[in-house]
Amino acid sequence: MNNPGPPDRGISPGFCFGVLGSGKGSNFRALAEAFRAGTLGCEPKIVLSDVERAGILDLSRSFDIPCLYVSPGPFQTKMSPEAEEEIIRLLREAQVDFVVLAGFMRVIKEPLLKAFPGRILNIHPSLLPAFRGLEAWRQALEAGVPEAGCSVHFVDSGVDTGKILGQSRVPVLPGDTAESLHERIQIAEYELYPRMVREFAQELRKEE
Ligand code: GRF
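Summary of the structure given here. Keep in mind the model is a prediction, meaning the values are calculated, not measured.

The next subject is the sheet that holds strand E4 (residues 98-101). Strand pairing in a sheet takes place through backbone hydrogen bonds and is either antiparallel or parallel in direction. In space, the seven strands of this open sheet follow the order E3-E2-E1-E4-E5-E6-E7, with mixed pairing throughout. Strands with a single pairing partner mark the edges of an open sheet, and in this sheet they are strand E3 (67-69) and strand E7 (164-171). Within the sheet, the average angular offset between the axes of one strand and its neighbour, ignoring direction, is 20°. Pairing geometry for strand E6 (residues 147-154) and E7, over seven bridges, is antiparallel. Along E7, the bridge assignment pairs Ser-151 with Gln-167. The strands that helix H3 (residues 81-93) touches are strand E1 (16-20), strand E2 (43-49), E3 and E4; relative to E2, the one it contacts most, it runs at about 160°.

Here the focus is the packing of helix H5 (residues 136-143) against helix H6 (residues 178-207). Close contact between H5 and H6 brings their axes to 9 Å; oriented N to C, the two are set at 125°. Overall, the two elements H5 and H6 adopt an arrangement that is oblique. Of the two elements, H5 crosses H6, and the hand of that crossing is right-handed. Together, Trp-137, Arg-138 and Leu-141 of H5 and Ala-178, Glu-179, Leu-181, His-182 and Ile-185 of H6 make up the contact between the two elements. Partitioned by chemical class, the residues of the contact of H5 with H6 number five nonpolar, one polar and two charged.

The next thing to look at is the pattern of salt bridges. Inspection of the entire model under this criterion finds eleven salt bridges. The shortest N-O distance in the salt bridge between Glu-135 and Arg-138 comes to 2.7 Å. With a shortest N-O distance of 3.0 Å, Glu-203 and Lys-206 are connected by a salt bridge. You can see Glu-203 and its partner Lys-206 sitting in helix H6, three residues apart, about one turn around the helix. With relative accessibility at 38%, the residue Glu-203 sits in the partly exposed group.

Attention shifts here to unusual backbone geometry. The step from Leu-128 to Pro-129 runs through a cis peptide bond, and the omega angle for that step is 15°. Positive phi is not limited to glycine here, since Gln-95 has a value of about 55°. Of note, Gln-95 is situated in the loop between H3 and E4. Of note, Asp-160 is a non-glycine position whose phi angle comes to about 60°, a positive value. Residue position: Asp-160 is located in the loop between E6 and E7. Among the residues examined, Asp-160 registers a relative accessible area of 12% and is labelled buried.

Here we take up the site of the ligand. Every residue near the ligand is listed here: Lys-24, Gly-25, Ser-26, Asn-27, Gly-103, Ile-123, His-124, Pro-125, His-182, Gln-186 and Glu-189. Gly-25 is positioned with one of its backbone polar atoms (N or O) 2.8 Å from an oxygen atom of the ligand. Note that an oxygen atom of the ligand is positioned 3.1 Å from one of the side-chain N or O atoms of Gln-186. In isolation the ligand exposes 360 Å². Once the protein is present, 88% of that is buried. Listed by contribution, the elements that provide at least two residues to the shell around the ligand are helix H1 (26-36), strand E5 (120-124) and H6. Considering every element that reaches the shell around the ligand, the biggest residue donor is H6, with three residues. Looking at the shell around the ligand, its residues break down into two nonpolar, seven polar and two charged.

How each quantity is defined
- Residues numbered from 1 in each chain as written.
- Predicted model: local features only at pLDDT ≥ 70, side-chain atom pairs only at ≥ 80, totals over all residues.
- Heavy atoms only, no water.
- Pairing = 2+ DSSP bridges.
- Helix = DSSP H or I, 4+ residues; strand = E, 2+ residues; numbered from the N terminus.
- Axes fitted to C-alpha atoms, helices over the stretch in contact; angles between N-to-C directions.
- Contact = heavy atoms within 4.5 Å.
- Parallel < 35°, antiparallel > 145°, perpendicular 65-115°, else oblique.
- Left-handed = near helix turned anticlockwise from the far one by under 90°.
- Nonpolar A, V, L, I, M, F, W, Y, C, P; charged D, E, K, R; others polar.
- Salt bridge = Lys/Arg side-chain N within 4 Å of Asp/Glu carboxyl O.
- Buried < 20%, exposed > 50% of the residue type's maximum accessible area, 1.4 Å probe, protein only.
- Near = heavy atom within 4 Å.
- Polar contact = N/O pair within 3.5 Å; in protein donor to acceptor, adjacent residues only side chain to side chain.
- Areas by Shrake-Rupley, 256 points an atom, 1.4 Å probe, with all protein chains shown as cover.

Structure (structure tokens):
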């Protein structure tokens, strides 16, 4: 049988991105599956995690995408300057065009923001600007809003404050628990994030 060759990368064969994640990596899985299916239009080139045993690293290996743990240093909510410099170095070495946060639980500081200006995306489980920060789905439930959702936005120096690229709405159903609502929001995320990443790569292509 002939070698099928690399997967069809869609409309922008040259573009690739790095992924930063701290958790189970289900959004990364959605991106990697879209890449594998040839519908992402760009390529996940490297996965970096601040959590040594994060599921996202196992997932990355299962997709044959290079991955590394980067020790975050002594702080809880941000990386040490050294860790951030190491992340920049690894992203540059991998020659990524942009960066995708997929459940990365630390605030991005100036060096990384400056290294990829306007080129860092995040997904957040609320209809921003509502419910920034942790457990946004629980915040939505407790506030009694009829509708929750998820947003893909550019990362700036604030927490979930950057310009919004796109959103998906998820109704809050009678009897919803924080868990059931979160589960449905995540399903919406798996459709939204690959679509937004593809569109972003398309925009980059237009700029070239
Ligand atoms: C997602 O719900 C995303 O909105 C938030 O962190 C979670 C990451 O989940 N930023 P996973 O690691 O992709 O499963």
